[in-house]
Amino acid sequence: ALIAEVILYSEGYKHAKIVGTKVVELFTLSKQLLSKQQHYDWGLRALKTILLISGKLIMMEKKSNKEFDQLSEEDLKKTEMELVIKAVRLNTLAKLTFA
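In this text, all values refer to a predicted model and were calculated from it rather than measured experimentally.

Some points on the pattern of salt bridges
With the rule as written, the count across this model stands at 1 salt bridge. Here E5 makes a salt bridge to K17, at a shortest N to O gap of 4.0 Å. In this pair, E5 is assigned in helix α1 (residues 2-11) and K17 in helix α2 (residues 16-33), connecting sequence segments 12 residues apart. Residue classification places E5 among the buried residues on the basis of a relative accessible area of 16%.

Set out below in C-alpha coordinates:
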(Lines give C-alpha, C1' and ligand atoms only; values in the text may rest on other atoms or scores of the structure.)
Protein backbone atom coordinates (compact mmCIF):
# COMPACT_ATOMS: atom_id res chain seq x y z
CA ALA A 1 0.00 0.00 0.00
CA LEU A 2 2.96 2.29 0.59
CA ILE A 3 4.03 2.12 -3.06
CA ALA A 4 0.51 3.00 -4.20
CA GLU A 5 0.33 5.84 -1.71
CA VAL A 6 3.64 7.35 -2.84
CA ILE A 7 2.77 7.09 -6.53
CA LEU A 8 -0.64 8.69 -5.97
CA TYR A 9 0.89 11.53 -3.94
CA SER A 10 3.40 12.12 -6.71
CA GLU A 11 0.57 12.19 -9.26
CA GLY A 12 -1.26 14.91 -7.32
CA TYR A 13 -3.73 13.04 -5.11
CA LYS A 14 -4.40 14.64 -1.72
CA HIS A 15 -6.08 11.55 -0.23
CA ALA A 16 -3.46 9.12 -1.49
CA LYS A 17 -3.31 7.10 1.72
CA ILE A 18 -7.02 6.24 1.66
CA VAL A 19 -7.24 5.78 -2.11
CA GLY A 20 -4.01 3.77 -2.31
CA THR A 21 -5.10 1.41 0.45
CA LYS A 22 -8.41 0.75 -1.29
CA VAL A 23 -6.76 0.09 -4.67
CA VAL A 24 -4.33 -2.37 -3.10
CA GLU A 25 -7.25 -4.10 -1.33
CA LEU A 26 -9.06 -4.34 -4.68
CA PHE A 27 -6.04 -5.95 -6.31
CA THR A 28 -5.51 -8.34 -3.40
CA LEU A 29 -9.14 -9.45 -3.37
CA SER A 30 -9.21 -9.78 -7.16
CA LYS A 31 -6.14 -12.00 -7.08
CA GLN A 32 -7.68 -14.17 -4.36
CA LEU A 33 -11.26 -14.38 -5.60
CA LEU A 34 -11.08 -14.37 -9.39
CA SER A 35 -10.13 -17.46 -11.36
CA LYS A 36 -6.49 -17.99 -12.23
CA GLN A 37 -6.56 -16.89 -15.87
CA GLN A 38 -3.28 -16.25 -17.64
CA HIS A 39 -4.36 -12.79 -18.83
CA TYR A 40 -5.41 -11.66 -15.34
CA ASP A 41 -2.59 -9.59 -13.94
CA TRP A 42 -3.05 -8.36 -10.38
CA GLY A 43 0.62 -7.77 -9.66
CA LEU A 44 2.70 -4.67 -9.14
CA ARG A 45 3.02 -3.88 -12.85
CA ALA A 46 -0.77 -3.75 -13.29
CA LEU A 47 -1.15 -1.74 -10.09
CA LYS A 48 1.41 0.80 -11.25
CA THR A 49 -0.35 1.10 -14.60
CA ILE A 50 -3.64 1.87 -12.86
CA LEU A 51 -2.00 4.45 -10.63
CA LEU A 52 -0.31 6.21 -13.56
CA ILE A 53 -3.57 6.28 -15.52
CA SER A 54 -5.21 7.73 -12.40
CA GLY A 55 -2.57 10.45 -12.38
CA LYS A 56 -3.32 11.35 -15.98
CA LEU A 57 -7.04 11.43 -15.21
CA ILE A 58 -6.61 13.78 -12.26
CA MET A 59 -4.45 16.11 -14.35
CA MET A 60 -7.12 16.16 -17.05
CA GLU A 61 -9.77 16.84 -14.40
CA LYS A 62 -7.76 19.73 -12.96
CA LYS A 63 -7.34 21.26 -16.42
CA SER A 64 -10.99 20.91 -17.39
CA ASN A 65 -12.50 21.89 -14.02
CA LYS A 66 -11.24 25.30 -12.90
CA GLU A 67 -13.04 24.90 -9.54
CA PHE A 68 -11.25 21.62 -8.74
CA ASP A 69 -9.04 23.25 -6.10
CA GLN A 70 -12.08 24.73 -4.34
CA LEU A 71 -13.77 21.37 -3.74
CA SER A 72 -14.54 20.44 -0.14
CA GLU A 73 -12.45 17.66 1.39
CA GLU A 74 -15.33 15.21 1.09
CA ASP A 75 -16.01 16.10 -2.55
CA LEU A 76 -12.31 15.92 -3.35
CA LYS A 77 -12.02 12.47 -1.80
CA LYS A 78 -15.09 11.31 -3.73
CA THR A 79 -13.71 12.72 -7.00
CA GLU A 80 -10.32 11.07 -6.45
CA MET A 81 -11.99 7.71 -5.78
CA GLU A 82 -14.13 8.07 -8.91
CA LEU A 83 -11.05 8.78 -11.01
CA VAL A 84 -9.26 5.68 -9.71
CA ILE A 85 -12.36 3.57 -10.37
CA LYS A 86 -12.45 4.95 -13.90
CA ALA A 87 -8.78 4.03 -14.36
CA VAL A 88 -9.44 0.48 -13.13
CA ARG A 89 -12.40 0.15 -15.48
CA LEU A 90 -10.44 1.51 -18.45
CA ASN A 91 -7.51 -0.81 -17.93
CA THR A 92 -9.03 -3.96 -16.46
CA LEU A 93 -12.54 -4.43 -17.79
CA ALA A 94 -11.39 -5.57 -21.23
CA LYS A 95 -9.25 -8.32 -19.67
CA LEU A 96 -12.09 -9.86 -17.68
CA THR A 97 -13.86 -12.74 -19.33
CA PHE A 98 -17.18 -14.23 -18.42
CA ALA A 99 -17.44 -18.00 -18.26
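Details of the packing of aromatic side chains
To describe a pair of aromatic rings, you give the distance between the ring centres and the angle between the ring planes. As enumerated under the stated definition, the model contains 1 aromatic pair in all. Both rings, one in F27 and one in W42, keep their centres 5.5 Å apart while their planes meet at 80°; by these two values the pair is edge-to-face. A residue pair is termed long-range when its members are at least 10 positions apart, and F27 in helix α2 and W42 in the loop between α2 and α3 (44-64) qualify at 15 residues. Residue class for W42 comes out buried when judged on its relative accessible area of 14%.

Reading the values: the criteria
Residues numbered from 1 in each chain as written. Predicted model: local features only at pLDDT ≥ 70, side-chain atom pairs only at ≥ 80, totals over all residues. Heavy atoms only, no water. Salt bridge = Lys/Arg side-chain N within 4 Å of Asp/Glu carboxyl O. Helix = DSSP H or I, 4+ residues; strand = E, 2+ residues; numbered from the N terminus. Buried < 20%, exposed > 50% of the residue type's maximum accessible area, 1.4 Å probe, protein only. Phe/Tyr/Trp six-rings, centres within 6.5 Å; stacked < 30°, edge-to-face > 60°.

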